[in-house]
Amino acid sequence: MASKRVLGLTAATAALVLGLTACGSDGGDGGGDASGGGEEFTFGVLYPQTGSLAFLGPPQITAAQYAVQEINDAGGILGTEVPAIVEADEAGDNAQANEAANALVADEVNAVIGAAASGMTQATYDTITGAEIVQCSGSNTAAELSEIEDGGYYFRTAPSDSLSSIVMARTIADAGHQNVAIVSRGDDYGRGYADGLQAELESLGAQVTVNETYDPEATTFDSVVNAVSGDEPDAVALIAFEEGAQVIAQLLESGVAGDQLFITDGLNDAALGETVNADDPDSVNGITGVAPSADNPEFTEGLTAFNEDLDVFQFAPQVYDCVTAIALAAEAADSVAPSDYVAELPNISRPEGTECGSFAECRDLLADGEEINYQGVSGNIDFDDNGDPTAATFEIFHFGDDGHEILAYEEHSVEG
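Everything numeric here is computed off the predicted structure, so don't read it as measured data. (Residues numbered from 1 in each chain as written. Predicted model: local features only at pLDDT ≥ 70, side-chain atom pairs only at ≥ 80, totals over all residues. Heavy atoms only, no water.)

Enquirer: Please provide a residue-by-residue account of the sheet that holds strand β1 (residues 43–47), values included.
Expert: Within a beta sheet, neighbouring strands are joined by backbone hydrogen bonds and run either parallel or antiparallel to one another. With parallel pairing, five strands are arranged side by side in an open sheet as β2-β1-β3-β4-β5. Where the open sheet ends on each side, the last strands, each with one partner, are β2 (86–89) and β5 (154–156). When the angles between neighbouring strand axes are averaged without regard to direction, this sheet yields 20°. Taken together, the three bridges between strand β4 (residues 134–137) and β5 define a ladder with parallel strand orientation. By the bridge assignment for β5, C136 is matched with F155. (Pairing = 2+ DSSP bridges. Helix = DSSP H or I, 4+ residues; strand = E, 2+ residues; numbered from the N terminus. Axes fitted to C-alpha atoms, helices over the stretch in contact; angles between N-to-C directions.)

Listed below in structure tokens is the structure:
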């Protein structure tokens, strides 16, 4: 298809040429009519305060607040302090997520960070980007989001599952497995990841003997478990969210061994053993997983100091990068209006620019008239024409005798 990003940037450029007509006094652009001049830049965050992914809520809001604090410590966006973040609960429910998105639009925020789940972004992006407000998620991974008609206003710093599935396939193959069963949620996320995983496994010479989906709202998963146990694969890849704990329990009961199981980021939880079997938490020992991550201990230390109670860090670096990248785009455009600064979001991470790693450093380079290449705390972002990062870092996590641990970090890019 024609690049949605090119279409979006053309629209943004046209708005500039026509005297910023999209930034009229009716507030339809979501950011008012400001171009510098001390106008505040307000972030809204659409994240799971409740629902099946609520465990991702604390790192999402904490990372966004941490980024805002560092921006304010450096003088704010365009010299004006960023006010408190407007929070909204996506709750893992389409209707509630869209209601929350409408509330953020009504509040005329200048950018929305989130949603956390790809499905919740599918339910809300038209509301947000249709109002010409930039939306950036640090945790959306569904490959389908590269193709949405967003007018050029949707970005993400989390890698697409088209990248994650490659790393998962290589992890399975490197462990010596050749006959693999794939079990996934019956939604866009699950099916997209499963298709990419199967293609990569087969390119590596492995055979996919089962590729089954399940209803994530089901109370039992007998059909997919029976399909797997009847085929006797030497590895099982499970693409799931919280409900995957019950799938794991049933797979283990059917005779699948822990070291045969490979899971995705939706189950990257140190307390997984308790969730799967409170009487025998060690039953998950041997399970290995792949998740987008960041090999950045300095950031983790800073975030921990900012919120000492935080014990889940998944996607926090990517959320932080959404906030910082948007702030830098506003600096580059000298405007807080989304229809102005959206065109600068791809530019602040271009490889041709001068590398910089913080809001203050990058802002100062922009003030000196330099082009910049923002190096995020999650790694090099370099947005492509679809608003996707072209490179990412993944962690290979594992459950063993010492509990949850990270075995290795692996970088991967669209170039391979």
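Enquirer: Could you give an account of helix α10 (residues 297–306), naming the residues involved and the relevant values?
Expert: Buried residues of α10: F299, G302 and L303, and no others. Seen from one end, α10 has its buried residues packed into an arc of 95°, which puts them on one side. Turned more than 90 degrees away from the buried face of α10 sit P297, E301 and A305, all of them exposed. Along its buried surface, α10 packs onto α2 (57–73) and α11 (316–333). (Buried < 20%, exposed > 50% of the residue type's maximum accessible area, 1.4 Å probe, protein only. Arc of directions from axis to C-beta. Contact = heavy atoms within 4.5 Å.)

Enquirer: Give a description of the pattern of salt bridges that names residues and reports values.
Expert: Evaluation of the coordinates by the stated rule reveals six salt bridges. R170 is the salt-bridge partner of E200, the closest N and O atoms lying 3.5 Å from each other. Here E200 is found in helix α6 (residues 188–203), whereas its partner R170 is found in helix α5 (residues 161–174), with 30 residues between them in sequence. With a relative accessible area of 15%, E200 lands in the buried category. Here the salt bridges do not stand alone but share partners, grouping R185, D187 and E243 into one network. (Salt bridge = Lys/Arg side-chain N within 4 Å of Asp/Glu carboxyl O.)

Enquirer: Residue-level account of the sheet that holds strand β8 (residues 235–239), with values.
Expert: Strand order in the open sheet formed by seven strands is β7-β6-β8-β9-β10-β14-β15, with mixed pairing between adjacent strands. Looking at which strands have only one partner, the edges of the open sheet turn out to be β7 (207–214) and β15 (403–413). Along the sheet, successive strands turn relative to each other by an average axial angle of 20°, direction set aside. Taken together, the seven bridges between strand β6 (residues 179–185) and β7 define a ladder with parallel strand orientation. Residue pairing for β7: V180 is matched across the bridge by V208. Of the strands in this sheet, β6, β7 and β8 touch helix α7 (residues 222–231), which is tilted by about 165° from β7.

Enquirer: Summarise the confidence of the model for the protein chain; cite the residues concerned and give the values.
Expert: Taken over all residues, the pLDDT of the protein chain has a mean of 90, while the share at 70 or more is 91%. Segment residues 1–37 is flagged for pLDDT under 50; beyond a separation of four residues in sequence, or across chains, it makes 74 contacts in the model. (pLDDT = per-residue confidence, 0-100.)

Enquirer: Outline the side chain of N373, supporting the account with residue identities and numerical values.
Expert: Positionally, N373 belongs in strand β12 (residues 372–376). The exposure class assigned to N373 is buried, which follows from its relative accessible area of 4%. Of the polar contacts made by the side chain of N373, one reaches the side chain of Q375; its length is 3.1 Å. Not counting residues within four places of it along the chain, the set of residues in contact with N373 comprises I348, S349, R350, P351, G353, T354, E355, C356 and N380. (Polar contact = N/O pair within 3.5 Å; in protein donor to acceptor, adjacent residues only side chain to side chain.)

Enquirer: Hey, could you go over the nonpolar core for me, with residue numbers and the actual values?
Expert: Core analysis: the largest hydrophobic core is formed by 50 residues, its most contacted members being F41, F43, I77, I326, Y341 and L345. Taken together, the elements giving at least two residues each to this core come down to β1, α2, β3 (111–114), β4, α10, α11, α13 (359–367) and β12. No other element matches α11, which puts eleven residues into this core. (Core = buried A, V, L, I, M, F, W, Y, C linked by side-chain atoms within 4.5 Å.)

Enquirer: Report on the packing of helix α3 (residues 94–106) against helix α4 (residues 118–130), specifying residues and quantitative values.
Expert: Put simply, α3 and α4 touch, their axes get as near as 9 Å, and they point 35° apart. Crossing of α3 over α4 shows right-handed handedness. Residues N94, A97, N98, A101, N102 and V105 of α3 pack against G119, M120, A123, T124, T127 and I128 of α4. Of the residues that constitute the contact of α3 with α4, the class distribution is six nonpolar, six polar and no charged. (Left-handed = near helix turned anticlockwise from the far one by under 90°. Nonpolar A, V, L, I, M, F, W, Y, C, P; charged D, E, K, R; others polar.)

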